[in-house]
Structures are given as structure tokens and as C-alpha cells.
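Coordinates in review
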Amino acid sequence: MDDERKEPMNSGRPKTTKRWLTVILGTVTVLLTSVQCGTTAEQAGSAQPAGTTPPPRIGATTSPSSSSPPSPSPRAEQAPDTGCEAVIAGMSPRQRLAQLMVVGVNAGDPQAAVKLVRDQQVGGIFLGGNETALLQNRALDEVQRAAKVPVSVAIDEEGGRVQRIDDLDGAMPSARKMAATMTPAQVRAKAAERGRQMRARGVTVDYAPDADITDQPDRDIVGDRSFGATPETARKYVLAFAQGLRDAGVQPVLKHFPGHGHATGDSHKGLVQTPPLASLRKVDLVPYRDIGEYGEVGVMVGHLDVPDLTGGAPSTLSSAAYRLLRQDYAFDGPVITDDLGAMKAITSQYPLQTAVLKALQAGADQALWSSGGNVNTVLTTLEQALASGALPAARVEEALNRVLAAKQACG
């Protein structure tokens, strides 16, 4: 995106241990007392304390006669804390689906952003363009007060020609210039400084760093937004920038998976094609190797057709692309789409509500559209798909847990 231009645990065993005061009056009494104690202890040890039944999973049914716990998630060891289940249990299906939306707002109209969040309870907002009213005078505090669950507030702040707070906090060099003039440690410090500036203004997510690898001229679609033309150089600086944002308490989002740097064309204008997957693995996907080293980050999937992977579909709508990220690159953090509402790679093929549904079905955790509006239409489409099973309840739960955990909204 660039708008250039745990399953619950019982915390303790049931308190069923009792102290028995036995007065030995004779052999028979001793035997009777021993039997009673053993029976009572066995019964008490099998009792469940009240209030320990976990809330049902999304779409799950419960039976009064069933005492079997729900099957653990295949990724239970990486699932968010049990607090997420309590938060989810208090949401309607529509509210759960709304948490998976990131909707563009006019940063020059704070009250419109407040109204959107109050009325729709979307999970995130995106501030594009060069307006800055929402980034001043603690205007985003009112947006957060309108939310029942904290809202993620995202901007594109890469540096160079893609930055949003330069009029307020000064300009930051492009990725290419930073890599040419600074060490990774200096880039980390620069990103941390920028992160603190964003955080002070209420921003929680930065759609940066750009992890694309290219030697394109500066003004091409990726160009100077890339840290390097070689995967080793790019990865060092992408890691440093991401770590700096995390140091400041801002969530980094690496983009554009699986790699826009050697793709033909501009996804703002139409679907673009990358080299074959084997080539991407050697170059463009290198920044995503050992992704755990980045810490808690997100990944943005681009509108990129990988001929031998997505088969003519954009990666944002391709389950094969999400499997590549989840399985081959072992990423289990939140994954967001590139813009579904203002890029012709998508809009020339699908109406917004269809694109959002297809993205979530394929494996996205958050659907982004910078153009704003259409929230009711999108949510109604998703509700119908959830009710019919076209959008599996387990897919919604998986995405919702990741989104809430990333926002630290689980208590």
C-alpha cells in the first residue's frame, strides 16, 4: 500500500482437599472412616468449579451432555492469550467481522472518522493523503473513545516520496538513500525516532518497511522505496527499520509479499506479474526468511500474480499465496491485503464486497480499502457468507484472534 500521491487454562485445581478429624474409637470405626474419606475425596476431585467453562468458539455448538473440551487449534501454541476468547464472546457476528476491516478515512475530517468508528466499530482505520488534522491536537483520542475495542490506526510512513507526517515532524530520507548513507544501526535509530513521533500522534501501525528488492530507477513504482537491489542488503535494512518501529511501540508491516521489486507493471493500474516462484525464493522472498527475527510484525500481501503459484489471480485473493507465507515462511502474525478499493488490479475485476470476501476466504486477516465508505455493504455480504458457511467460522476466528492480539486488545 502506498497512497503516493490459548485455549483457557484452569489457573488452579478445584479446592476440594478437606481435612478430616478422625477419632479412633475402635477398629470398625477406623475402617468405616477410611472408606468414607476415600470415596469423598475421589468424588470431590472430579468436580469442576463453577465458571470455568470457556466461551464457545465462533460457530461452535455446545451440548449440555457433552463434557469433552473443544479440540485445540492446530496453532494453539501460538494463539493469543485466553483474554481474546472473552473479548470475542461479547461480540456479535457482525462486530467480529468488522474487526477484520481497515477502512480509509479522510485525515482532514476527524468527526467523520469518529462517526465511522462509533457506528461500525471497524477494527482499523487508514489515514492516507497529506491531510493532518487527525494527527494533531490528540484528535485520534476521540476516535479511540468511540471504539469498544481499540482501533488500529495505520499510515504509510516509509520515508522519501511515501510519508505522511513530514509536514509535522520533518522529512525522512527514502529507503534507498538511508541504505546508501547509514548503517543498519543508524536506520534502526531513525525508525525508532520516527516511530515515537507517530505514536505520540496516535498512530499504532506503519505500513513499512518496504521489503521489495529492486534496482529500478528512483521514480518507478518501487524504485527508491526499496532498501537494496540485493537480497542480503535489503534484508539487513528491512530488519533494522522494523526493529526501530517496534522499539517505539509501532507495529511494522512488511510489504509487498511475495515481492513487487521484479514484477512487471504497477498494481495501481492493473494486475502485474512476478517472475516464477523459484526465482522469487532466491531473491524477492529472502527478506521473509527467518521472519521470527523481526519480532511482532504484520505482512501486507500485494496484488501480484505469481504464474506458477496463483495462476492468474492476485496474491491478495489466492489461498496458495497465503499458504506460502504461513507454511513455507512460518509466519503466524496478522496479514493484511494491499488496497482492495482503489487499485485497478482488483477494482477492474471485482466489486469491493466481493474482493473483501475473497481475500478473507483466501487467508487474509485484515482487508484494507483506502477509499472508505461501503462498510454496511461489505459487512452484510460477509455476514451472509458467514451464515451460509461460504466464509468458514474457523477462518474468521483465526483472523480475529490475530487481529486482536496484535492490537493488545485481549486484556
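Going by the structure above, here's the rest.
Description of the structure in this document. Note that this is a predicted model, so its numbers are computed, not measured. (Residues numbered from 1 in each chain as written. Predicted model: local features only at pLDDT ≥ 70, side-chain atom pairs only at ≥ 80, totals over all residues. Heavy atoms only, no water.)

The next subject is the pattern of salt bridges. Enumeration over the complete set of coordinates arrives at 21 salt bridges. Residue Arg326 pairs with Asp365 through a salt bridge whose shortest N-O separation is 2.6 Å. Note that Arg326 is positioned in helix H11 (residues 319–328) and Asp365 in the loop between helix H13 (352–362) and strand E10 (367–369), a separation of 39 residues in sequence. In this structure, Arg326 and Asp365 share a single accessibility class: buried. The salt bridge involving Arg395 is made with Glu398; its shortest N-O contact spans 2.9 Å. One end of the pair is Arg395 and the other is Glu398, both in helix H15 (residues 393–406) and three residues apart, which spans about a single turn. Sharing partners across several salt bridges, the network here consists of Arg326, Asp332, Asp365, Arg395, Glu398 and Arg402. (Salt bridge = Lys/Arg side-chain N within 4 Å of Asp/Glu carboxyl O. Helix = DSSP H or I, 4+ residues; strand = E, 2+ residues; numbered from the N terminus. Buried < 20%, exposed > 50% of the residue type's maximum accessible area, 1.4 Å probe, protein only.)

Now for the side chain of Asp210. Among the secondary structure elements, Asp210 is positioned in the loop between strand E4 (205–206) and helix H9 (231–247). Looking at Asp210, the relative accessible area reads 1%, which means it is buried. Reaching out from Asp210, the side chain makes a polar contact with the backbone nitrogen of Asp212 at a distance of 2.8 Å. If near-sequence neighbours (up to four positions away) are discounted, Asp210 is found in contact with Glu158, Val222, Arg225, Phe227, Val238, Lys255 and His256. (Polar contact = N/O pair within 3.5 Å; in protein donor to acceptor, adjacent residues only side chain to side chain. Contact = heavy atoms within 4.5 Å.)

Tallied over the full model, the rule gives five aromatic pairs. Relative to Tyr207, the ring of Phe126 lies with its centre 5.7 Å away and its plane at 20°, an arrangement referred to as stacked. A residue pair is termed long-range when its members are at least 10 positions apart, and Phe126 in strand E2 (residues 124–127) and Tyr207 in the loop between E4 and H9 qualify at 81 residues. A relative accessible area of 1% means that Phe126 is categorised as buried. Using a relative accessible area of 2% as the deciding quantity, one classes Tyr207 as buried. Geometrically, the ring pair formed by Phe227 and Tyr237 is stacked, given 6.1 Å between the ring centres and 10° between the ring planes. With a gap of 10 residues between them, Phe227 in the loop between E4 and H9 and Tyr237 in helix H9 connect regions that are remote in the sequence. With a relative accessible area of 8%, Tyr237 lands in the buried category. Through pairs of rings, three or more aromatic residues link up here, namely Phe227, Tyr237 and Phe241. (Phe/Tyr/Trp six-rings, centres within 6.5 Å; stacked < 30°, edge-to-face > 60°.)

This part covers the sheet that holds strand E7 (residues 298–301). If you walk across this open sheet you meet the eight strands as E9-E7-E5-E4-E3-E2-E1-E10, and the pairing is parallel. Two strands lie at the open edges of the sheet, namely strand E9 (335–337) and E10, each paired on one side alone. One ladder, built from four bridges, connects strand E1 (residues 101–105) with E2; its direction is parallel. Across the sheet, residue Gly104 finds its bridge partner in E2, namely Phe126. Contacts between H11 and the sheet are confined to strand E5 (251–257), E7 and E9, with E9 contributing the most and set at about 155° to the helix. (Pairing = 2+ DSSP bridges. Axes fitted to C-alpha atoms, helices over the stretch in contact; angles between N-to-C directions.)

This next bit is on H11. All buried positions along H11 are accounted for by Ala320, Ala321, Tyr322, Leu324, Leu325 and Arg326. Looking at the buried positions of H11, the neighbouring elements they touch are E5, helix H10 (277–282), E7, E9, H13 and H15. Where H11 terminates, the next one or two residues include Ala330, which has phi positive at roughly 50°.

For the rest of this paragraph, the subject is the environment of Pro252. Secondary-structure assignment places Pro252 in strand E5. For Pro252, a relative accessible area of 0% translates into the label buried. With 45 residues separating them along the chain, Pro252 and Val297 place their C-alpha atoms 5.2 Å apart. Pro252 has contacts with Asp206, Ala208, Pro209, Ala242, Leu245, Arg246, Glu296, Val297 and Gly298, leaving out every residue within four places of it along the chain.

In this structure, Met101, Ile125, Val356 and Leu382 are the most contacted members of the largest nonpolar core, which totals 94 residues. Setting aside anything within four residues of it in sequence, one finds Leu382 in contact with Leu97, Met101, Val356, Leu357, Leu360 and Leu391. Core analysis: the second largest hydrophobic core is formed by nine residues, Val102, Tyr207, Ile336 and Leu368 among them. (Core = buried A, V, L, I, M, F, W, Y, C linked by side-chain atoms within 4.5 Å.)

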